[in-house]
Structure formats: structure tokens, C-alpha cells
Amino acid sequence: EIGLWLGFAHVLGFLHYKDRRLAVWRQRCLQLREHRVLEAVKEETAHCERLLRNVLPPHLLSSLQQFESSLGASSGGRTAALIAAKHEGACFLFAKVVGLSSLVNDPAADPRLLVLLLQRVFDRFDRLADNFGVLRVRKTANEFYLAATGLAEPGQRPMDPADGGCALASFGFALVNISHLLNLELRRDGLLPAGLELRVQVGIHSGEAIAGVIGHKTFQYDLVGDAVNTAARMCSSSSPGRVLVSESTYERLLCRRFGAEPRGRSEVKGKGQMATLFLLNGPPAKTLDETLSDSDDTLSEASMASVRQM
């Protein structure tokens, strides 16, 4: 009888062990499934953030909760929150790709090849914008490209306006200079017809602007303000291969690092007569007073060094 009870106890112990092993296995399966789901959620979140970075500036993604509430549609009679800020001391650049209109308006153009050409051109512009630390705002009306500096998030330390203006001017010259390479690449790949040259003309102006996200379903980060409109006028008044800047912006932000060729006063749509200059991709020529001042500084430093040696 004792042996029978011992056998029965062994059977119960074995069944309990199997049941325990089964419970552990099920728990492990649940953990693995949860891990896979979390990894899939992380990958999807990262993918969505990459898409958002291509549409919105990085500083707007610092708080995803605020971003979602700002873009949420109004409900219950309440107006949805907005993302908007006023920026002072910003600088704006419009670039026009001369020659794109003839391709876009050509009824015989292959739509797929045309879209591929546009993607190649503006992808290259976007990479240059990242290299120079400027913010690509949007591409407009087939052939125009808008970039800016000085649009820091409220509470962050803003970029020095002169540094931002010089970065934007350097970016403008990079757009002008890369057009020749783009023509060679596009013609090599059969995207650019023979005899057509794409060239870039640039306009720059600085001032205040209001930046914000417009729309709740199809949304876009955009800039509005008189300074933005004036930058667009500078671009329209510029010439292929040149960077046109307003006199006020040049004297305030660019005169210490770039030379300029005066263009005189000309009629600008919506602004009347404005003094403008063609920016030169090089340092400004020193005036006689600056040269004499540099010579005096050099002589004084040499004198001090000789005194120390004595």
C-alpha cells in the first residue's frame, strides 16, 4: 500500500512538473511575442519620425505629444492648438532653377522622367542644405526653392544673425556652382534633353517672419512675412549664376565676409525702388583705412614683442 501511494505521488509530481514547464513555455512565448510587437512598434515609430523630419523642421519634433495635439483636428467645438512663432533676425533664400519651366510645360515630356529629374535636383539641394546647416522650408511652383536660417525654437539659443546669413550665402553659391555638375549627371542618365542647361539664380533678404504648421491632414511648415516676399523678389530680379542681395542685408550681415558688386537702385515689385548688390564669392576688398589700421596693429604687436625680449 505504501508503494502504491509513492507511485501515485510520483505521478502527481510528474504531472505538476509538466504543467509547470508548459506554463513557463507559454510565458516565454508571450514574452517573445511582446518583444516582437515592441520592436515592430519602434521601427514604425522611427519610420514615421523620418517621414516627419522630411516635412517639418527637427525642433518641431522635440515633443511628439505637443505635435500631435497641435495637429489634431478640432473637436467638441474647440479649436485645435497651433504651432506658430514669430522669428526676428532671420534670413531667407529663394533659388530659381532656370530651365525647369520649359521641361514642365512640354506636353511631350515623359511624366516619370520629369518627376525623377525634379527629385534628383531637389534631393541634391536638400543634401547641400544639411551640409551648410540651413533649414529647407519648401519647394514651390516647380522651379523655386526656399531655405532659411535663424528659425530657432522658442527657448533655444538663436544663431548669430551674421553667421546664419553667411551660411545661407555660402549655400546659395553652392547651389549656383553645382548646377554644372547636375547638368552633366542628368544628361548622362538621359533625363536632360540635349541643348538645355539648368542654371540657378538666387535672392537673399533678411528680417522678421512668422513660421508655423498649416493644415491638419495635409500639413506643411511655411513662412509668411514681408521679408520672405522680398527675398522672393530678390530671386526674381537676380540673374542666372548670380546671388542678389538687398543692400540692407548685405551691410548688416554679409559685408565682413563677402564682396559685392553694386547693381544700383531698381524697381522691385511691391517694394518700389530698392538698392541691391550682386554678391561675390570671396572676401571683400579692404579699404585704405582698413589696410592702414591693419599695418598699425602689426607694427604695434612687433614693438610689444621687441619690448618683451629686452
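Relevant structure appears above.
Residues numbered from 1 in each chain as written. Predicted model: local features only at pLDDT ≥ 70, side-chain atom pairs only at ≥ 80, totals over all residues. Heavy atoms only, no water.

Asks: How should the pattern of salt bridges be read in this particular structure?
Replies: It is possible for side chains of opposite charge to pair when their charged atoms get near one another. Under the defined criterion, the tally for this structure stands at 9 salt bridges. With a shortest N-O distance of 3.5 Å, E208 and K86 are connected by a salt bridge. With E208 in strand 4 (residues 199-214) and K86 in strand 1 (residues 84-98), this pair connects stretches of sequence that are 122 residues apart. With a relative accessible area of 54%, K86 lands in the exposed category. In this structure, R136 engages D126 in a salt bridge whose closest nitrogen and oxygen atoms are separated by 3.3 Å. Note that R136 is positioned in strand 2 (residues 135-140) and D126 in helix 4 (residues 111-132), a separation of 10 residues in sequence. Accessibility expressed as a relative area gives 27% for R136, which makes it partly exposed. Each member of the salt-bridge network shares a partner with another, and the members are R120, R188 and D189. (Salt bridge = Lys/Arg side-chain N within 4 Å of Asp/Glu carboxyl O. Helix = DSSP H or I, 4+ residues; strand = E, 2+ residues; numbered from the N terminus. Buried < 20%, exposed > 50% of the residue type's maximum accessible area, 1.4 Å probe, protein only.)

Asks: What is the right way to read the packing of helix 4 against helix 5 (residues 161-188) from this model?
Replies: Relative orientation and spacing of two packed helices are given, respectively, by the angle between their axes and the distance between those axes. Two elements in contact, helix 4 and helix 5, have axes separated by 10 Å at closest approach and are oriented at 145°. Like other packed secondary-structure pairs, helix 4 and helix 5 cross with a definite hand, here right-handed. Packed against helix 4, whose contacting residues are L117, R120, V121, R124, F125, L128, A129 and F132, the element helix 5 presents A167, S170, F171, A174, L175, I178, L181, L182, E185, L186 and R188 at the interface. Looking at the contact of helix 4 with helix 5 residue by residue, the classes come out as 14 nonpolar, 1 polar and 4 charged. (Axes fitted to C-alpha atoms, helices over the stretch in contact; angles between N-to-C directions. Left-handed = near helix turned anticlockwise from the far one by under 90°. Contact = heavy atoms within 4.5 Å. Nonpolar A, V, L, I, M, F, W, Y, C, P; charged D, E, K, R; others polar.)

Asks: I would appreciate a short explanation of the packing of aromatic side chains in the present structure.
Replies: How two aromatic rings sit relative to each other is given by the distance of their centres and the angle of their planes. Within this structure, the stated rule accounts for 6 aromatic pairs. Ring geometry for F173 against F258: centres 6.0 Å apart, planes inclined by 25°, an arrangement best described as stacked. In this pair, F173 sits in helix 5 while F258 sits in the loop between helix 7 (247-254) and strand 7 (259-268), placing the two residues 85 residues apart along the sequence. Chaining the aromatic ring pairs together yields one cluster made of F122, F125, F132, Y145 and F171. Positioned above the aromatic ring of F278 is the side chain of R242, whose terminal nitrogen or guanidinium carbon lies 4.2 Å from the ring centre. (Phe/Tyr/Trp six-rings, centres within 6.5 Å; stacked < 30°, edge-to-face > 60°. Lys NZ or Arg CZ within 6 Å of the ring centre and 35° of its normal.)

Asks: Sorry if this is basic, but what is going on with the side chain of Q201 here?
Replies: Relative to the helices and strands, Q201 is located in strand 4. Judged by its relative accessible area of 5%, Q201 falls in the buried class. In terms of polar contacts, Q201 uses its side chain to reach the backbone carbonyl oxygen of S238, at 3.5 Å. With sequence-adjacent residues up to four places away left out, Q201 is seen in contact with F94, A95, K96, V98, C235, S236, S238, S239, P240, G241 and R242. (Polar contact = N/O pair within 3.5 Å; in protein donor to acceptor, adjacent residues only side chain to side chain.)

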